[in-house]
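In case you want the letters, here they are:
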Amino acid sequence: MSISIDQVACTGCGRCGEICPGSLIRADREGKAEIGQPADCWSCTACLKECPAGAIALYLPPVLGGSGTRLQVKQEGSLLHWRFTRPDGTLKTITVDRQSANRY
Amino acid sequence: MKSITLSADILIIGGGAAGCYAALSAARHRVGRVVLVEKAHIERSGCLAAGVNALNAYIGRGHTPEDYVEYARKDAEGLIRPDLVLSMARRLNEVVGNLEKLGLTILKDSEGHYAERGWRNIKINGENLKPLLAAAVRAEPAVTVLNHVNVVSYLSDGERVAGAVGFGVREPIQYVLKAPAVICATGGAAGIYRPNNPGSARQAMWYCPFNSGSGYAQGIRAGAEMTTLEMRFVALRCKDTIAPTGTLAQGAGARQVNRLGEIYEERYGFTTSGRIYGVRQEELAGRGPSRLRAENLSPGQIEDLYKAYLNMAPTQTLSWVEQGEDISSLSVEIEGTEPYIIGGHTAGGYWVDTRRETTLRGLFAAGDVAGGCPQKYVSGAMAEAEIALEAALDGAELRPELDSPEPARCLAEAEKFLGRPAALFTTGELAEALQKTMDEQAGGRGAGYSYQEAGLNQAEARLDELEDLSLGLAAANMPELMKIQELRDRLTVARSLVAHLKARRETRWPGFGLHLDYPRKEDTWLRYVNSRLKEGRVEIIFRDMVRGDKYEHQY
Ligand SMILES: Cc1cc2nc3c(=O)[nH]c(=O)nc-3n(C[C@H](O)[C@H](O)[C@H](O)COP(=O)(O)OP(=O)(O)OC[C@H]3O[C@@H](n4cnc5c(N)ncnc54)[C@H](O)[C@@H]3O)c2cc1C
Ligand code: SF4
Ligand code: SF4
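Residues numbered from 1 in each chain as written. Chains lettered and ligands numbered in written order. Predicted model: local features only at pLDDT ≥ 70, side-chain atom pairs only at ≥ 80, totals over all residues. Heavy atoms only, no water.

*Asks:* Just give me the short version of the sheet that holds strand β15 (residues 291–294) of chain B, but keep the residues and values in it.
*Replies:* Residue and element names in this part refer to chain B. One open sheet accounts for four strands, arranged β13-β16-β15-β14; its pairing is antiparallel. Strands at the two margins of the open sheet, each flanked by one partner only, are β13 (236–238) and β14 (255–257). Ignoring which end each strand starts from, the neighbouring axes of this sheet average 40° apart. Strands in contact with helix α9 (residues 272–284) are β13, β14 and β16 (330–336); relative to β13, the strand with the most contacts, it is inclined by about 65°. (Pairing = 2+ DSSP bridges. Helix = DSSP H or I, 4+ residues; strand = E, 2+ residues; numbered from the N terminus. Axes fitted to C-alpha atoms, helices over the stretch in contact; angles between N-to-C directions. Contact = heavy atoms within 4.5 Å.)

Structure (structure tokens):
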């Protein structure tokens, strides 16, 4: 599975590379984040949550039925705004409050 | 390569659930110098990277730790260490209280009690459990955290452990870490068997793919006794995304149904192994695939399920969103995963005494790496960490330093891998060969989790060859060196695992593995299969059931 990194939005801060549990992300020649082996990604979304620029998106590969929807997340206090962008450009947002527990 | 030597009062290897908690316990016990070494970064490493959404080990109102032992015993078909489960269960609720103090959100009912999901389970928002733990660890001045250091071996004389050797994952630095007490908390092992999904989705696995079983491997190489590795863990998971199913089943009341819509759970029993076995049997009877079906859900309930999965396995929510939204019932195809070795769910791992000391003095084990104590989960891993820490402090001042040739040997080995310009085979290719061998010959998914002695013998021979081939690998940099070390750890674990599968001549947990030569459960096998590496060979040791609440090693 994997992530895609928006090279324009990335500021090269290196935070995603620090915290990836598999140490999969490194800096490319221009100092921007790059994932060495996309197939090694566990899709844990740690890097999405840590990226201050919102430059990282998660997608499902075709072999798992992915059709190109991208998932991003933005933190605002205790809130996590998860944004799904479908291939046709339509959006869906789900906001999770860390201060409210899972109901199930 | 540069070499750095550090000394500490306590060395903790692995900064996951158990390791971070051990560090916090050490600080509470006013230990002067604690070193916590982690191959990734404690902020989001290990199983807790994405989050969890329940604490699966808890003693609910009206129940006792003894009830927990009985539950674990039944689920494991009798094969547990009651002393370990009991001592863990006794501390569960205190651990939960401590987590709440750290800022973990726990659902409460109208009277202010934790809202229980069954009597062993409480609901939380655990998306940020790991960052909360990490922040608490960082706030302790006595704890030095070494992130991005992969530990590869113990400083040991075969009887005692007094430190460890590691390598930088990013910088070419060797670390020699010395301490009179060492706690191993490196988690379990994934990646030994061929995973459910191919190629680009191969790491869409349930267990943390970066936990390569290195704690087991280091123990095995140093001569520690291991137990019950043959009780592999096969998880029942959502097809494709391999996301956990507990939230749907216990939380939303979803039932396990076959293709004909029949609820068949009763037929195979409600143990963890029985549920997996049922899925396969229904498939063999032509009634597959199985699904988890939750009906009559309100839009609000669906939204809550979406959130629950975002907090733990975000790809499942992504998959639902991709599939469209007009749903009032959620029906998810389920399947078994590839087998993992995880002492926190099943019983495979280090053979420890009640205080969690391994058979190597000065080395303690906690969490998924420690055996004999299934049903630990997050809170139980932490309970064990505290038990191990307290035992580790006891008498630590009496253990002298060890003179070990390991640092020099490890350095020479690493420099060989790094010095080679190229090799015919890549680490990835050998990893694939390991997974194929284990899948086909040692009871992987592809073999319907079944195996026979003849195939296990072939696997053994092939694993020896792969081990030899792995010595000729080349690493262009430190991250590639870590990959080689992970592969070698998995090969070591696989070798011991195959010996265990061969040694248990019965089928005790049919969902986790079927020994085709011995397809039934036998009372005479209600004993532990243990092992120890001796002069390069895995030696099997049978041990009688431990009864009562205390077990000590006989040295
Ligand atoms: C996807 C998923 C969902 C889960 N959901 C729940 C849930 O909802 N409720 C629940 O109670 N339990 C849940 N669990 C189980 C729980 O997360 C684990 O039982 C628990 O985290 C085990 O703790 P541990 O410390 O043994 O392992 P981990 O937390 O995985 O920590 C092991 C650490 O050791 C590090 N490490 C490994 N090897 C080395 C080395 N050689 N050198 C240095 N560091 C090393 C790793 O990077 C990692 O940080 C879940 C597990 C998974 C995988
Ligand atoms: S999703 Fe997780 S595993 Fe994948 S690159 Fe990001 S941090 Fe690493
Ligand atoms: S965290 Fe974001 S901005 Fe920073 S390097 Fe990674 S992708 Fe770029």
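There's more to say after this.
*Asks:* Break down the pattern of salt bridges for me, with residues and values.
*Replies:* All names here are of chain B. By the definition in use, this model includes 55 salt bridges over all chains. A salt bridge links Arg81 to Asp83, with the nearest nitrogen and oxygen atoms 2.8 Å apart. Judged by relative accessible area, which is 1%, Arg81 ranks as buried. Here Asp83 falls in the buried class, since its relative accessible area comes to 1%. (Salt bridge = Lys/Arg side-chain N within 4 Å of Asp/Glu carboxyl O. Buried < 20%, exposed > 50% of the residue type's maximum accessible area, 1.4 Å probe, protein only.)

*Asks:* Tell me about the side chain of Ser496 of chain B, and name the residues and values.
*Replies:* By the secondary structure assignment, Ser496 of chain B is in helix α16 (residues 478–503). Beyond its immediate chain neighbours, meaning those up to four positions away, Ser496 of chain B contacts Ile220, Leu229 and Val538 of chain B.

*Asks:* Help me get a handle on the pairing of strand β7 (residues 91–97) of chain A, residues and values and all.
*Replies:* The two faces of a sheet get side chains in turn, since along a regular strand they alternate between them. Residues and elements named next belong to chain A. Side chains Lys92, Ile94 and Val96 of β7 all project onto a buried face; the interleaved residues Leu91, Thr93, Thr95 and Asp97 project onto a face where none is buried. Pairing geometry for strand β6 (residues 79–85) and β7, over seven bridges, is antiparallel. Across the sheet, Leu80 pairs through a bridge with Val96, a residue of β7. Remark: five residues form the turn of the hairpin made by β6 and β7, two consecutive strands paired antiparallel; Gly89 in that turn has positive phi of roughly 90°.

*Asks:* How would you sum up the sheet that holds strand β8 (residues 149–156) of chain B? Please name residues and give values.
*Replies:* All names here are of chain B. Taking strand neighbours across the sheet as the criterion, the four strands line up as β1-β10-β9-β8 in an open arrangement whose pairing is mixed. The open sheet terminates on both sides in strands that have one partner only, identified here as β1 (2–7) and β8. For this sheet, the mean inter-axis angle between neighbouring strands, taken without regard to orientation, is 20°. Relative to strand β10 (residues 173–178), β1 runs parallel, the two being bridged by six bridges. Looking across to β10, one finds that Ser7 is bridged to Lys178. In the packing of α16 onto the sheet, the strands contacted are β8, β9 (161–168) and β10, and the crossing angle to β9 comes to about 135°.

*Asks:* Which residues make up helix α11 (residues 314–323) of chain B, and what are the values?
*Replies:* Residue and element names in this part refer to chain B. Burial within α11 is extensive, with nine of its 10 residues counted as buried. Residues of α11 that are buried: Pro314, Thr315, Gln316, Thr317, Leu318, Ser319, Trp320, Val321 and Glu322. A positive backbone phi angle near 105° is found at Gly324, which sits one or two residues after α11.

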